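Fold and contact review
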Amino acid sequence: MDNEKKNGINAFGLAALIVSSAIGTGIFGLPSQLAQVAAPGPALLAWLVCGIGVLALVLSLNNLAKKRPDIDSGLFGYAKAACGPLGEFMSGWTYWISAWIGNLAFATFLMSAIGNFIGIFKGGQNIASIIAAIVFLWVLTFFVNNGVESANFVNTIVTICKVIPLFVFIVLVAMSFKLGVFTAHFWTNFASNVKATGVNGSVYGQIKNSMMSIMWVFIGIEGASVLSSRAKSQKAASQATIIGFISLVVIYVFSTILPYGVMSQAAIAKAAQPAMGSILEVAVGKWAAIIINLGVIISTIGSWLSWTMLPAETTRLMAKDKTLPASWGKLNKKKAPQFSLIITAVLQTLFLFSMLFTTSAYNFASTLAAAAILVSYMLVGIYQIKYSFQHKEWWQFFVGLVCAGFEIMAAVLSGWQDLLLLTISFLPGFVLYYMASKEDKHQITSREKIVMAVVCALAILAIIFLFTGKISING
């Protein structure tokens, strides 16, 4: 029986969180990113491939939520069911790393967008911008610290506001759409740019390079699963995931494909950021850029709020399941994990301050964030495969194969360097896992010790490669 919680988050609220988490800063620049590497035909195929992969993740999450309602730790609980406590820790740890590090991009992008209106913040990485960003992140931390569910209500309102500029963009571009412009070079990339940049101009090459931009804008699709323990019901969490997925696909595809019918591919590729503003300026006038810049500001604030909630909820669930020390999951009077929120905010503050002196720390962090999320997603697919095989549910088994296979493919496309760098984050992480195991009197198994030893060895190798220049964090 699907028991409802009186004060839980409903399906619409969770769907809003998914949309808000996923629609961040990337969508406003994605049209030009895609145009730089692909014509409309290959771009559409890339959306199809990524859509199938993400749909497999969504279907896996919903199937497991239905079949294993006893697991209320979402992604991380499924990783535990698949690979044991260490599997849950590695899934949760990489998710947490990806979540809070990704917020640093929101900080710089937000200040850069505000800089279009207030000159002192122009560029987003000067002293004024970083100080303002630090103040802002602590305000958000304080807000979430006063109640995750009340913060989600505000997030729902912000989500509605941030979708409006995207809706305006889609409508206005659709009105300016010309079929002749769209079909002029439907399959072939513009030759001059291919030769100049070394981009593979084949259809396969265009699809591959498009996917590397597309797959990251779906991060956040799992938000309902992460917050499932705070949902009104498991049914609400499952409904929210489907609603969120459909909403995102519609917004993303129309936002990135319709511009091919307004401007040439070469013109879109060279559009100034945010690209949506430049495209609308051509289509309807300069006033459109103001709408998009306001949309960027609202969108970034909404995403930043969502991603302040999600990393805190991650460590709460991990502490509840004894894979992090209990202090990381301790709730205050407002039922918010205060210790985790403060630790996460301190780490973000340190990384933001470091950007005053070097971009290396941010580049290093961004690399980790990009690779980290794939671990959590892949473990969902692995448990979907395991559970479906045990219960002879062959359609669900196939869905799990597609989910895990897609995440492995994404990891390969992102490059072995990123995955190797990710192992460095486990050096302090394993210390916390050891502390949690000691608290819970959990005897670390021989298999866990072998996995930890291999990961630590790879981390040492990554550090050596960094110092010898075989891996660069600057490009």
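Quick notes on the rules
- Residues numbered from 1 in each chain as written.
- Predicted model: local features only at pLDDT ≥ 70, side-chain atom pairs only at ≥ 80, totals over all residues.
- Heavy atoms only, no water.
- Helix = DSSP H or I, 4+ residues; strand = E, 2+ residues; numbered from the N terminus.
- Expected span 1.5 Å × (residues − 1).
- Buried < 20%, exposed > 50% of the residue type's maximum accessible area, 1.4 Å probe, protein only.
- Arc of directions from axis to C-beta.
- Contact = heavy atoms within 4.5 Å.
- Polar contact = N/O pair within 3.5 Å; in protein donor to acceptor, adjacent residues only side chain to side chain.
- pLDDT = per-residue confidence, 0-100.
- 1 Å grid on protein atoms, 1.4 Å probe; cavity = no way out; pocket = protein on both sides within 12 Å on 5 of 7 lines; lining within 4 Å.
- Points joined across faces, edges and corners; volume = space filled by probe spheres on them.
- Axes fitted to C-alpha atoms, helices over the stretch in contact; angles between N-to-C directions.
- Parallel < 35°, antiparallel > 145°, perpendicular 65-115°, else oblique.
- Left-handed = near helix turned anticlockwise from the far one by under 90°.
- Nonpolar A, V, L, I, M, F, W, Y, C, P; charged D, E, K, R; others polar.

1. So, helix H20 (residues 426-440)
With 15 residues, H20 extends 20 Å from end C-alpha to end C-alpha; this agrees with the ideal 21 Å at 1.5 Å per step. Buried residues of H20: Phe426, Gly429, Phe430, Leu432, Tyr433, Ala436 and Ser437, and no others. The buried residues of H20 occupy an angular sector of 160° when the element is viewed end-on, so they sit on one face. Contacts made by the buried residues of H20 are with helix H5 (85-114), helix H19 (416-422) and helix H21 (446-468). Lys441 sits one or two residues past H20 and shows a positive phi near 60°.

2. Some details on the side chain of Gln265
Residue position: Gln265 is located in helix H13 (residues 265-269). Residue Gln265 is classed as buried on the basis of its relative accessible area of 9%. At 2.9 Å, the side chain of Gln265 forms a polar contact with the backbone oxygen of Ala35.

3. Focus on the confidence of the model for the chain
Mean pLDDT over the chain stands at 82; residues scoring 70 or higher make up 86%. Under a pLDDT of 50 for its full length, residues 190-200 has, in the predicted model, 16 contacts with residues more than four places off or in other chains.

4. Section: empty space enclosed by the protein
Under the defined criterion, the tally for this structure stands at three cavities of 30 Å³ or more. One number sums up the size of the largest cavity: a volume of about 90 Å³. Contributing to the lining of the largest cavity are Val54, Leu57, Met215, Trp216, Phe218, Ile219, Ile221, Ile373, Leu374, Tyr377, Phe406 and Glu407. Elements with a contribution of two residues or more to the lining of the largest cavity: helix H3 (40-67), helix H17 (360-390) and helix H18 (394-414). Among the elements that make up the lining of the largest cavity, the one with the highest residue count is H17 (three residues).

5. Topic: the packing of H3 against H18
One way to put it is that H3 packs onto H18 with a least axis distance of 8 Å and a crossing angle of 130°. The angle between the axes of H3 and H18 places the two elements in the oblique class. Of the two elements, H3 crosses H18, and the hand of that crossing is left-handed. Between H3 and H18, the residues in contact are Val49, Cys50, Ile52, Gly53, Val54, Ala56, Leu57, Leu59, Ser60 and Asn63 and Gln396, Val399, Gly400, Val402, Cys403, Phe406 and Met409, respectively. Of the residues that constitute the contact of H3 with H18, the class distribution is 12 nonpolar, five polar and no charged.

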